[in-house]
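Residue-level structure breakdown
One-letter residues, chain by chain:
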Amino acid sequence: MQSIFKMKKLFQNIVTSPSLLSLILSLSALIFAIFLQYKFNLIPCYLCELQRYGYVVALLLAILGIKYKDNNIFPTLISIAFLAVFIIAFWHKGIEAYWWSPTSECTEMSYNIGTLQEELEKANTEKPTASCDQLSPTLLNITLVEWSLMYAFVSFISVTFLLLKRIIGKKNEFKKL
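Calculation criteria
Residues numbered from 1 in each chain as written. Predicted model: local features only at pLDDT ≥ 70, side-chain atom pairs only at ≥ 80, totals over all residues. Heavy atoms only, no water. Helix = DSSP H or I, 4+ residues; strand = E, 2+ residues; numbered from the N terminus. Buried < 20%, exposed > 50% of the residue type's maximum accessible area, 1.4 Å probe, protein only. Contact = heavy atoms within 4.5 Å. Phe/Tyr/Trp six-rings, centres within 6.5 Å; stacked < 30°, edge-to-face > 60°. Lys NZ or Arg CZ within 6 Å of the ring centre and 35° of its normal. Salt bridge = Lys/Arg side-chain N within 4 Å of Asp/Glu carboxyl O. Core = buried A, V, L, I, M, F, W, Y, C linked by side-chain atoms within 4.5 Å. Disulfide = S-S within 2.5 Å. 1 Å grid on protein atoms, 1.4 Å probe; cavity = no way out; pocket = protein on both sides within 12 Å on 5 of 7 lines; lining within 4 Å. Points joined across faces, edges and corners; volume = space filled by probe spheres on them. Nonpolar A, V, L, I, M, F, W, Y, C, P; charged D, E, K, R; others polar. Axes fitted to C-alpha atoms, helices over the stretch in contact; angles between N-to-C directions. Left-handed = near helix turned anticlockwise from the far one by under 90°.

Time to look at the overall build of the protein chain. Along its length, the protein chain carries six helices and two strands. Reading the secondary structure of the protein chain in the N-to-C direction produces α-α-α-α-α-β-β-α. The proportion of buried residues among the 177 residues of the protein chain is 32%. Put simply, of all contacts in the protein chain between residues at least 6 apart along the chain, 75% involve residues at least 24 apart.

Pasting the structure below:
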C-alpha cells in the first residue's frame, strides 16, 4: 500500500514540476538516440548532434531546476532549450523534405579538398557523419526526423504549459494574501 502511495506521489510530482518532467524527457531522448546509434549503427547527422546538445542543456538546467525548485528561471530556460531543439528539428525536416537547401555541414560534399595525403588522414581521424538531406529510417511509416520533431514539440508544449500553470498559480496565491 505504501509503494502505491509513493508511485502516486512521484507521478504527481512529475506532472506538476516542469524541471522533473524535463529531466525525464531529456534523459529519454538522449538514451533513445544513443541506443539507436550504438545498437542499430545509425550514425547521427550534424543536425541530430545539435539536437542532442539541446537535450543536454535541458537536462543540466532540469537538474538545477530541481535543486532550486522555487525559482522559475530554470523552467523558463528549459522551455527555451526545448524550443531550440524544436527549431533545429523543424529545420532538419525541411532539409530532409527538400523544402530548402542544406548547409555545407549537412551534405556529404566537402568544399575544402586538400591534398590526397591530407584527405586520407582526415578520413582516418574524423568520425563518420550522416547526411542531413538523406531520408532517415522510418518507424511506423514516419521518419526518425519527424518523430524527433514531434517529440521536441510535445516536450516544449508540456514544459511551457507546466511553467505557465505554476506562474499563474503563484499569482493567484499572491492575490489571496
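Right, picking up where we left off after that structure.
The full count for this structure, using the stated rule, is nine aromatic pairs. Ring centres of F90 and W100 lie 5.7 Å apart, and the angle between their planes is 55°; this geometry places the pair in the tilted category. Of the two residues, F90 is situated in helix α4 (residues 73–96) and W100 in the loop between α4 and α5 (116–125); the sequence distance between them amounts to ten residues. Between W99 and W100, the aromatic rings sit 5.8 Å apart at their centres with planes inclined by 70°, giving edge-to-face as the arrangement. An aromatic cluster is present here, built from F90, W91, W99 and W100 joined pairwise through their rings. K67 extends its terminal NZ or CZ atom over the ring of Y68, reaching a point 5.4 Å from the ring centre.

So, about the pattern of salt bridges. Within the structure shown, the criterion is met by one salt bridge. The residue K93 makes a salt bridge to E146 at a minimum N-O spacing of 2.8 Å. Highlighted residues: K93 in helix α4 and E146 in helix α6 (residues 144–176), separated in sequence by 53 residues. The exposure class of K93 is buried, given its relative accessible area of 13%.

Quick look at the environment of C45 now. Here C45 shows up in the loop between α2 (18–39) and α3 (46–67). Measuring from C-alpha to C-alpha, the distance between C45 and Q134 comes to 9.6 Å, with 89 residues separating the pair along the chain. The contact partners of C45, leaving out residues within four places of it in the chain, are H92, A130, S131 and C132.

So, on to the nonpolar core. Across soluble globular proteins, nonpolar side chains have a tendency to be buried as a group. In this structure, L21, L25, Y55, A58, I78, F82 and V159 are the most contacted members of the largest nonpolar core, which totals 18 residues. Mapped onto this core, the elements with two or more residues apiece are α2, α3, α4 and α6. Those residues in contact with A58, other than ones at most four positions away along the chain, are S26, I78, A81 and F82. C45, I95, C106 and C132 belong to the second largest nonpolar core, which has five residues in total.

Our next topic: the state of the cysteines. Inspection of every chain in the model, using the stated rule, returns zero disulfides. Residue C45 stays outside any disulfide, its sulfur separated by 3.4 Å from that of C48, the closest cysteine. Taking relative accessible area as the criterion, C45 reaches 3% and is therefore assigned buried.

Moving on to the layout of surface pockets. By volume, the largest pocket is sized at about 740 Å³. If you go around the largest pocket, you meet 30 residues; those closest to its centre are L36, C48, L144, V145 and S148. Breaking the lining of the largest pocket down by element, the ones donating at least two residues are α2, α3, α4 and α6. Considering every element that reaches the lining of the largest pocket, the biggest residue donor is α2, with seven residues. Looking at the lining of the largest pocket, its residues break down into 20 nonpolar, eight polar and two charged.

In this section: the packing of α2 against α3. Contact pair α2 / α3: the axes reach a minimum separation of 8 Å and the direction vectors enclose 145°. Relative to α3, the crossing made by α2 is left-handed. In this structure, α2 contributes S19, L20, S22, L23, S26, L27, A29, L30, A33, I34 and Q37 to the contact, and α3 contributes R52, Y55, V56, A58, L59, A62, I63, G65 and I66. Its residues assigned to classes, the contact of α2 with α3 shows 14 nonpolar, five polar and one charged.

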